[in-house]
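# Structural overview for review
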Amino acid sequence: MPGDARQTSDEQLAAEAQDGSLEAFGSLVDRYHARVYHFLCHKTANPEDAQDVTQQVFIRAWQKIHQFRVETKFATWLFTITRRAAINHYRARGSRTMVELKEADGKLVTSDTPDSNLAERDEHAALWAVARRNLKDSQFTVLWLKYRVGMSIKEMRAVVKLSVSVSVVVSHHRTLER
């Protein structure tokens, strides 16, 4: 693969993967595995299910990489696959139970926390747990995509399939009010 993967954009790596580069796709997996897994930990009953669904997401992404349009954001495309995999997981299970952060892999609580201070990590974990318990699934998803994944309103709209960007803004605003 030409160039340094760390300096190559996600979209360029995806284009190389479309040309058959397993190395480029592996770089994308390295970049996104933790984010996809963390998202799915909040959507599945336990960390083992989250890991299984994460693996399914990347298998599906590799199978469908030819459908990715390089003029769009790779993260949006991948999180659309991730969200659909979570929905399929719900359907297969018939119901859903949310995992508390304390039950998830320790990396879930610490990976994006800016300070390694234990009290701050506990506070972050508690806030996400409260959000998970009190928000509708769509509201939680919007909040997660905005603050944990860092997506723009346009990218969130594509992932959650809201027809108008105002819908995402309103959903985000209402979620923050809660």
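### A word on the overall build of the protein chain
What the protein chain contains, in helices and strands, is 9 helices and 0 strands. When the 178 residues of the protein chain are sorted by exposure, 44% land in the buried category. The contacts of the protein chain with a sequence gap of at least 6 include a subset with a gap of at least 24, amounting to 59%.

### Notes on the pattern of salt bridges
Charged atoms that come close allow side chains of opposite charge to pair. One pass over the structure, following the stated rule, counts 2 salt bridges. E71 serves as the salt-bridge partner of R69, at 3.2 Å between the closest nitrogen and oxygen. Take R69 and E71: they sit in the same class, and that class is exposed.

### Notes on the packing of aromatic side chains
With the rule as written, the count across this model stands at 6 aromatic pairs. Ring centres of F39 and F79 lie 5.8 Å apart, and the angle between their planes is 90°; on these two criteria the pair is classed as edge-to-face. With F39 in helix 2 (residues 22-41) and F79 in helix 4 (residues 74-93), the pair connects residues that are 40 residues apart, well separated along the chain.

### A short note on the environment of L13
Checked against the element boundaries, L13 lands in helix 1 (residues 10-18). Residues L13 and S27, 14 residues apart in the sequence, show an inter-C-alpha distance of 7.5 Å.

### Things to note about the confidence of the model for the protein chain
The share of residues in the protein chain with pLDDT of 70 or more is 69%, and the mean pLDDT across the chain is 76. Of all helices and strands in the protein chain, the one with the weakest mean pLDDT is helix 5 (residues 106-110) (46), whereas helix 1 scores best (94). Taken together, the stretch residues 100-116 has pLDDT below 50 and engages in 34 contacts with residues farther than four places along the chain or on a different chain.

### Describing the packing of helix 2 against helix 7 (residues 137-149)
Axis separation between helix 2 and helix 7 bottoms out at 11 Å; the angle between their running directions is 150°. Between helix 2 and helix 7, the angle is such that the two are roughly antiparallel. Crossing handedness for the pair helix 2 and helix 7: right-handed. Residues R35, H38 and F39 of helix 2 pack against T141, W144, L145, R148 and V149 of helix 7. Considered class by class, the residues forming the contact of helix 2 with helix 7 number 4 nonpolar, 2 polar and 2 charged.

### Some remarks on helix 2
Its 20 residues give helix 2 an end-to-end C-alpha distance of 26 Å, which sits within 8% of 28 Å, the value for a rise of 1.5 Å per residue. Its maximal kink placed at Y32, helix 2 deviates by approximately 50°. Among all positions of helix 2, only A24, F25, S27, L28, V29, Y32, V36, Y37, H38, F39, L40 and C41 are buried.

### Some thoughts on the nonpolar core
Core analysis: the biggest nonpolar cluster contains 41 residues, and F74, F79 and L145 have the highest contact counts within it. For F74, the residues in contact, after removing those within four places along its chain, are D10, E11, A14, L28, Y32, I65 and F68.

### Considering helix 1
Three or four residues apart is the spacing at which side chains of an α-helix point the same way, because the helix has 3.6 residues per turn. The element helix 1 is largely enclosed, with a buried count of 7 among its 9 residues. Taken residue by residue, helix 1 has D10, E11, L13, A14, A15, E16 and A17 as its buried positions. Summarising the contacts, the buried residues of helix 1 are in contact with helix 2, helix 3 (47-64) and helix 4. At the C-terminal side of helix 1, G20 shows a positive phi close to 100°.

### Digging into the packing of helix 3 against helix 4
Remark: helix 3 packs on helix 4, axes separated minimally by 9 Å, with the N-to-C direction vectors making an angle of 130°. Judged on the interaxial angle alone, helix 4 and helix 3 are oblique. As helix 3 packs across helix 4, the resulting crossing turns out to be right-handed. For the pair helix 3 and helix 4, the contacting residues are D49, V53, V57, F58, R60, A61 and K64 in the first and W77, L78, I81, T82, A85, A86, H89 and R93 in the second. For the contact of helix 3 with helix 4, the class distribution of residues is 9 nonpolar, 2 polar and 4 charged.

Cut-offs applied
- Residues numbered from 1 in each chain as written.
- Predicted model: local features only at pLDDT ≥ 70, side-chain atom pairs only at ≥ 80, totals over all residues.
- Heavy atoms only, no water.
- Helix = DSSP H or I, 4+ residues; strand = E, 2+ residues; numbered from the N terminus.
- Buried < 20%, exposed > 50% of the residue type's maximum accessible area, 1.4 Å probe, protein only.
- Contact = heavy atoms within 4.5 Å.
- Salt bridge = Lys/Arg side-chain N within 4 Å of Asp/Glu carboxyl O.
- Phe/Tyr/Trp six-rings, centres within 6.5 Å; stacked < 30°, edge-to-face > 60°.
- pLDDT = per-residue confidence, 0-100.
- Axes fitted to C-alpha atoms, helices over the stretch in contact; angles between N-to-C directions.
- Parallel < 35°, antiparallel > 145°, perpendicular 65-115°, else oblique.
- Left-handed = near helix turned anticlockwise from the far one by under 90°.
- Nonpolar A, V, L, I, M, F, W, Y, C, P; charged D, E, K, R; others polar.
- Expected span 1.5 Å × (residues − 1).
- Bend = angle between axes of the 7 residues up to and from the residue.
- Core = buried A, V, L, I, M, F, W, Y, C linked by side-chain atoms within 4.5 Å.

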